[in-house]
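Remarks on the overall topology
Below are the chains, spelled out letter by letter.
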Amino acid sequence: MEFKAKLLDDKMIDRSLTRLAHEIIEKNKGIEDVVLIGIKSRGVPLAHRLASKIALIEGKQLPVGELDITLYRDDLSLKSYEPDVKGLVLDFKIDGKIVILVDDVIYTGRTVRAAMDAIIDYGRPSSIQLAVLVDRGHRELPIRPDYVGKNVPTSSKEVVKVKLEEMDDASEVSIYQN
């Protein structure tokens, strides 16, 4: 893969997450009954970062859960590896809650569809919303994020890579050409 461009640096990611935090609070008229669930792997640290930003604004920490959607994927048989299944890690109920799924990049929408299936299997939230750091287009399913850090028009030959300090010792979003 050939490096094409850096889309976001650490400060730009931080500003995007601050804006997303404000949008979440505004759209939901506060944070009553709001929970965040990060989609593994990079959606989890992003969900924790969002929760911290919201806590600074609202003075209250939101519950944060983790979701591994591997077994819910509709392309599991196309994968050449054995899935490492962890499932849903929550220490709170989602019934009647506003669940905000958090992911790094939305592309075809299949990951989000799988995440919604997993959430519905676990409980009955009052609504499910989606927050993503990057929307790169090319949806195959009728799924649209509620909160977007950055829209990046891409070709199907390009790859968007997200690095986060918590996992990669750097925070940036870059685009590569196949």
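What this report covers is the structure whose coordinates are included nearby. Predicted model only: the values in this text are computed from it and were never measured. (Residues numbered from 1 in each chain as written. Predicted model: local features only at pLDDT ≥ 70, side-chain atom pairs only at ≥ 80, totals over all residues. Heavy atoms only, no water.)

**A word on the sheet that holds strand β5 (residues 98-106)**
Spatially, β4-β3-β2-β5-β6-β7 is the arrangement adopted by the six strands of the open sheet, whose pairing is mixed. The open sheet has two edge strands, β4 (88-89) and β7 (147-151), and neither has a second partner. One ladder, built from four bridges, connects strand β6 (residues 127-135) with β7; its direction is parallel. What sits directly across from Val134, in β7, is Lys150. The strands touched by helix α3 (residues 110-122) within the sheet are β2 (34-39), β3 (64-67), β4, β5 and β6, with β5 carrying the most contacts at an inclination of about 155°. (Pairing = 2+ DSSP bridges. Helix = DSSP H or I, 4+ residues; strand = E, 2+ residues; numbered from the N terminus. Contact = heavy atoms within 4.5 Å. Axes fitted to C-alpha atoms, helices over the stretch in contact; angles between N-to-C directions.)

**Considering the pattern of salt bridges**
The tally for this structure, following the rule as stated, stands at twelve salt bridges. Residues Arg19 and Glu23 are paired through a salt bridge, measuring 3.2 Å at the closest nitrogen-oxygen approach. Of the two residues, Arg19 and Glu23 both sit in helix α1 (residues 10-27), four residues apart, roughly one turn of that helix. Between Arg113 and Asp117 there is a salt bridge whose closest N-O contact spans 2.2 Å. Here the residue Arg113 and the residue Asp117 both occupy positions in helix α3, the gap between them amounting to four residues, near one helical turn. (Salt bridge = Lys/Arg side-chain N within 4 Å of Asp/Glu carboxyl O.)

**Structural notes on the nonpolar core**
Formed by 32 residues in total, the largest nonpolar core has its most connected members in Leu36, Leu50, Ile100, Val102, Leu133, Val134 and Val173. Listed by contribution, the elements that provide at least two residues to this core are β1 (2-8), α1, β2, α2 (43-58), β5, β6, β8 (158-163) and β9 (172-177). The contact partners of Leu36, leaving out residues within four places of it in the chain, are Ala47, Leu50, Ala51, Leu62, Pro63, Val64, Gly65, Phe92, Ile100 and Val102. (Core = buried A, V, L, I, M, F, W, Y, C linked by side-chain atoms within 4.5 Å. Buried < 20%, exposed > 50% of the residue type's maximum accessible area, 1.4 Å probe, protein only.)

**Quick notes on α3**
Each full turn of the α-helix corresponds to 3.6 residues, which orients residues three or four apart in the same direction. Taking 1.5 Å of rise per residue, the 13 residues of α3 would be expected to cover 18 Å, and the 19 Å separating its terminal C-alpha atoms lies within 8% of that figure. Where α3 is buried, its residues meet β2, β3, β4, β5 and β6. (Expected span 1.5 Å × (residues − 1).)

**Topic: the sheet that holds β8**
Strands belonging to one sheet form pairs held by backbone hydrogen bonds; the direction of such a pair is parallel or antiparallel. Strand order in this open sheet of three strands is β1-β9-β8, and the pairing throughout is antiparallel. Edge positions in the open sheet fall to β1 and β8, since each of these has one partner strand only. The mean inter-strand angle of the sheet, taken between neighbouring strand axes irrespective of direction, is 25°. Bridge count between β8 and β9: six bridges; the pairing is antiparallel. When the sheet's bridge partners are listed, Val160 is paired in β9 with Ile175.

Read these as geometric descriptors, not functional statements.
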